[in-house]
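Working through the structure, step by step
Now for the letters of each chain:
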Amino acid sequence: MESSSSIYSTEPLTTLTKNKKPNLEETEKLMRIEKERHDRLIGQLKAAEARNRNRILKLKYFNAKQDEIDHIIESQSTALKAVRLEAFLPPVRSKKIIIPDSLNPIERRKLETLIDDDTNEVINRRL
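Conventions and cut-offs
- Position numbers for residues count from 1 along each chain, tracking the sequence in the order it is written.
- Owing to the predicted nature of the model, reporting of local features is limited to residues with pLDDT of at least 70; listing and counting of side-chain atom pairs is limited to 80 or more, with chain, interface and lining totals taken over all residues.
- Where side-chain values are given, they derive from all heavy atoms of the structure, hydrogens and water being excluded.
- Strands here mean DSSP runs of E at least two residues long; helices mean DSSP runs of H or I at least four residues long; both are numbered from the N terminus.
- We call two residues in contact when some of their heavy atoms are within 4.5 Å.
- Per-residue accessibility takes into account occlusion by the displayed protein chains alone, with areas from the Shrake-Rupley method and a 1.4 Å probe.
- Patch membership is restricted to residues that have no salt bridge and whose relative accessible area is over 30%. Joining uses 9 Å for like charges and 5 Å for the nonpolar side chains Val, Leu, Ile, Met, Phe, Trp and Tyr.
- We define a salt bridge as a side-chain nitrogen of Lys or Arg found within 4 Å of a carboxyl oxygen belonging to Asp or Glu.
- Note on exposure labels: buried denotes an accessible area under 20% of the residue type's maximum, exposed denotes more than 50%, and partly exposed covers the range between, all computed with a 1.4 Å probe on protein chains only.
- For the purpose of charge, His is not counted, nor are the chain termini; Lys and Arg are scored as positive and Asp and Glu as negative.
- Where a charge lies is defined by one atom per residue type: Lys uses NZ, Arg uses CZ, Asp uses CG and Glu uses CD.
- To estimate how far a helix should extend, the number of its residues minus one is multiplied by 1.5 Å.
- Any N or O atom pair separated by 3.5 Å or less is treated as a polar contact, with the protein-specific requirement of one donor-capable and one acceptor-capable atom, and with residues adjacent in sequence counted only for side-chain atom pairs.

**Concerning the overall build of the chain**
- Helix and strand content of the chain: five helices and zero strands.
- Along the chain, helices and strands appear, N-terminal first, in the series α-α-α-α-α.
- In the chain, the proportion of contacts linking residues at least 24 apart, taken out of those at least 6 apart, comes to 51%.
- A total of about 11,700 Å² of accessible surface is found on the chain, and carbon and sulfur atoms cover 57% of it.

Written out as structure tokens, the structure reads:
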């Protein structure tokens, strides 16, 4: 049984056979080790290419989704409808970003009252 360190070593095979002429068995063993190294390298390259393709596809998907959401928001008839829609739609991000709530409960209640006011009774003043 051969040691696995020879498969994973990075030194050239010529240094393993220095100062002696290899016989047929040693030559076959060295060729097999070199083939295993080559196959392992090819496998690593293929895996890296597949990861890169997946990353590119994810980026394309997220960008297309964000563009579609932006288009839907822009096509709203009023700014109030656009703001409401944007507030209800989750942001499309590749990373999860935690946004702390900057409003205290009183400010939050006032904001929700303004948003829920369809007849503009809260902001219209009668003189």
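What follows continues from the structure just given.
**What to know about a nonpolar patch on the surface**
- A cluster of nonpolar side chains, contributed by L41, I42 and L45, occupies part of the molecular surface with about 250 Å² of accessible area.
- Structurally, L45 is set in helix α3 (residues 24–74).
- By relative accessible area, L45 is classed as partly exposed at 47%.

**Here we look at a negative patch on the surface**
- A cluster of like negative charges, contributed by D67, E68, D70, E74 and E86, occupies part of the molecular surface.
- It is α3 that contributes the most residues to the negative patch, four residues altogether.
- Judged by its relative accessible area of 31%, D70 falls in the partly exposed class.

**Section: the pattern of salt bridges**
- All told, the structure shown has three salt bridges when counted by the stated rule.
- Close ionic contact of D39 with K35 constitutes a salt bridge, the shortest N to O distance being 2.9 Å. Remark: K35 and D39 occur in helix α3; sequence separation between them is four residues, near one turn of the helix.
- Note on K35: relative accessible area 51%, which makes it exposed.

**Observations regarding helix α5 (residues 105–116)**
- For α5, built from 12 residues, the straight-helix expectation of 16 Å at 1.5 Å per residue is met to within 8% by its first-to-last C-alpha distance of 16 Å.
- Among the residues of α5, the N-terminal cap falls to N104, whose side-chain oxygen and the backbone nitrogen of I106 are separated by 3.1 Å.

So far we have only geometry, and geometry alone does not tell us how the molecule works.
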